[in-house]
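Take a look at the letters that make up each chain.
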Amino acid sequence: TKVVAVWGGFAGTTTPQAIPGKIEAESFIAQQGTDTENTTDTGGGRNVDWYETGDWLDYSVNVASAGTYTAQFRVASANGGATLQLRNSSGTVLGSINVGNTGGWQNWQTISTNVTLPAGTQTLRLYASASTGCNVNWLNFVSASSSFSVKPRDGEVHLKCRYCEKEFEHQVVLQAD
Ligand code: MG
């Protein structure tokens, strides 16, 4: 069950959210120092604002399988100079991004970094180690391409899953873009 407050304040969900998957920034389970507002970004809804140095957002997540994920952050800032860290519940920094001036508070950019996550239910914190204002609309976690190893063998290229150690039996066609 998702609880959404229309007028700022708590807008979160207590149900662990799936990784891989997209997590709305406003769907935190706890936060410090931030607010929410309507967004004009694609898809609408709300974004987090008033997100400044020392402020944080906590998310309850359920990671399907341990591994490296590309964490995408949908951010906007008219000031720039922000550093956002993704931390685990022990406070360890799993990854961080720097946000420059995107040209406005509703001029959205997607900035990515790779993070390694254990499997299972856990709390992730998005911590603003530096910020004079950085809006966040969503976070998206996708399996990193390093999930596969590439091995040439007998003049052929074989893709092997790093986690299940299974080799793909299907024909793979590689095409230059
Ligand atoms: Mg949002």
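All of these numbers come straight from a predicted model, not from anything done at the bench. (Residues numbered from 1 in each chain as written. Predicted model: local features only at pLDDT ≥ 70, side-chain atom pairs only at ≥ 80, totals over all residues. Heavy atoms only, no water.)

Enquirer: Just checking my understanding: could you explain the overall build of the protein chain for this structure?
Expert: From N to C terminus, the protein chain includes zero helices and 14 strands. Its helices and strands in sequence order give the protein chain the pattern β-β-β-β-β-β-β-β-β-β-β-β-β-β, from N to C terminus. Looking at the protein chain as a whole, 42% of its 177 residues are labelled buried. The long-range fraction of contacts in the protein chain, counting pairs at least 24 apart against all pairs at least 6 apart in sequence, stands at 66%. In the structure as shown, the protein chain presents an accessible area of about 9500 Å², 50% of it carried by carbon and sulfur atoms. (Helix = DSSP H or I, 4+ residues; strand = E, 2+ residues; numbered from the N terminus. Buried < 20%, exposed > 50% of the residue type's maximum accessible area, 1.4 Å probe, protein only. Contact = heavy atoms within 4.5 Å. Areas by Shrake-Rupley, 256 points an atom, 1.4 Å probe, with all protein chains shown as cover.)

Enquirer: Please clarify how the coordination of the magnesium ion should be interpreted in this entry.
Expert: Ideal coordination angles are 109.5 degrees for a metal with four donors arranged tetrahedrally and 90 or 180 degrees for a metal with six donors arranged octahedrally. Protein coordination of the magnesium ion is provided by E24 (OE), E26 (OE), R46 (O), N137 (O) and N137 (OD1), with donor distances spanning 2.1 to 2.5 Å. When the donors of the magnesium ion are listed by position in the chain, the intervening gaps give E-x1-E-x19-R-x90-N. Taken together, the residues span a long stretch of sequence, with E26 in the loop between β2 (21-24) and β3 (30-32) and R46 in strand β5 (residues 46-49) at a distance of 20 residues. For the pair E26 and R46, one class covers both residues: buried. (Donors = N, O, S within 2.8 Å, 3.2 Å for Na, K, Ca; no water.)

Enquirer: Looking at this structure, how should I read the environment of T110?
Expert: By the element assignment, T110 lies in strand β10 (residues 109-117). A residue is classified by how much of its surface remains accessible, and T110, at 36% relative accessible area, is partly exposed. Sequence separation between T110 and V136 is 26 residues; the distance between their C-alpha atoms is 9.9 Å. Beyond its immediate chain neighbours, meaning those up to four positions away, T110 contacts Q72, F73, R74 and W138. Within the local environment of T110, its side chain forms a polar contact with the side chain of R74, the two groups lying 2.9 Å apart. (Polar contact = N/O pair within 3.5 Å; in protein donor to acceptor, adjacent residues only side chain to side chain.)

Enquirer: Explanation requested: the nonpolar core in the structure shown.
Expert: In a soluble, globular protein the nonpolar side chains are often hidden away together inside. One finds I19, Y59, V75, L84, L126, L139 and F141 to be the most contacted residues of the largest nonpolar core, which totals 29 residues. Counting only elements with at least two residues in this core, the list comes to β6 (56-63), β7 (67-76), β8 (82-87), β9 (93-99), β10, β11 (120-130) and β12 (135-143). Not counting the four nearest positions on each side in its chain, I19 is found in contact with V61, N62, V63, A64, Y69, L117, L124 and F141. (Core = buried A, V, L, I, M, F, W, Y, C linked by side-chain atoms within 4.5 Å.)

Enquirer: Hey, could you run me through the pairing of β9 in this one?
Expert: Here β8 pairs with β9 via six bridges, running antiparallel. When the bridges of β9 are listed, A82 appears paired with V99. Hairpin geometry of β8 and β9 is characterised by an intervening segment of five residues between the two adjacent antiparallel strands and by a positive phi of about 95 degrees at G91. (Pairing = 2+ DSSP bridges.)

Enquirer: Would you take a moment to explain the pairing of β2 for this structure?
Expert: The side chains of a regular strand alternate between the sheet's two faces. The side-chain alternation of β2 yields one buried face, formed by G21 and I23, and one unburied face, formed by K22 and E24. Two elements, β2 and β12, share four bridges in a ladder whose sense is antiparallel. The partner of G21 across the bridge, within β12, is F141.

Enquirer: Looking at this model, I keep getting lost on the confidence of the model for the protein chain. Mind explaining?
Expert: Reading fine detail from the predicted coordinates is not recommended where pLDDT is low. Chain-level statistics for the protein chain give a pLDDT mean of 86 and a share of 77% at 70 or above. Low pLDDT, under 50, characterises residues 1-11; the predicted model gives this stretch 24 contacts beyond four residues in sequence or across chains. (pLDDT = per-residue confidence, 0-100.)

Enquirer: It is not clear to me how the side chain of D41 should be interpreted in this structure. Could you clarify?
Expert: Looking at the element boundaries, D41 is found in the loop between β4 (35-38) and β5. At 2.8 Å, the side chain of D41 forms a polar contact with the side chain of R74. Each residue touching D41, except ones within four places of it in the same chain, is listed here: R74, Q106, W108, N137 and W138.

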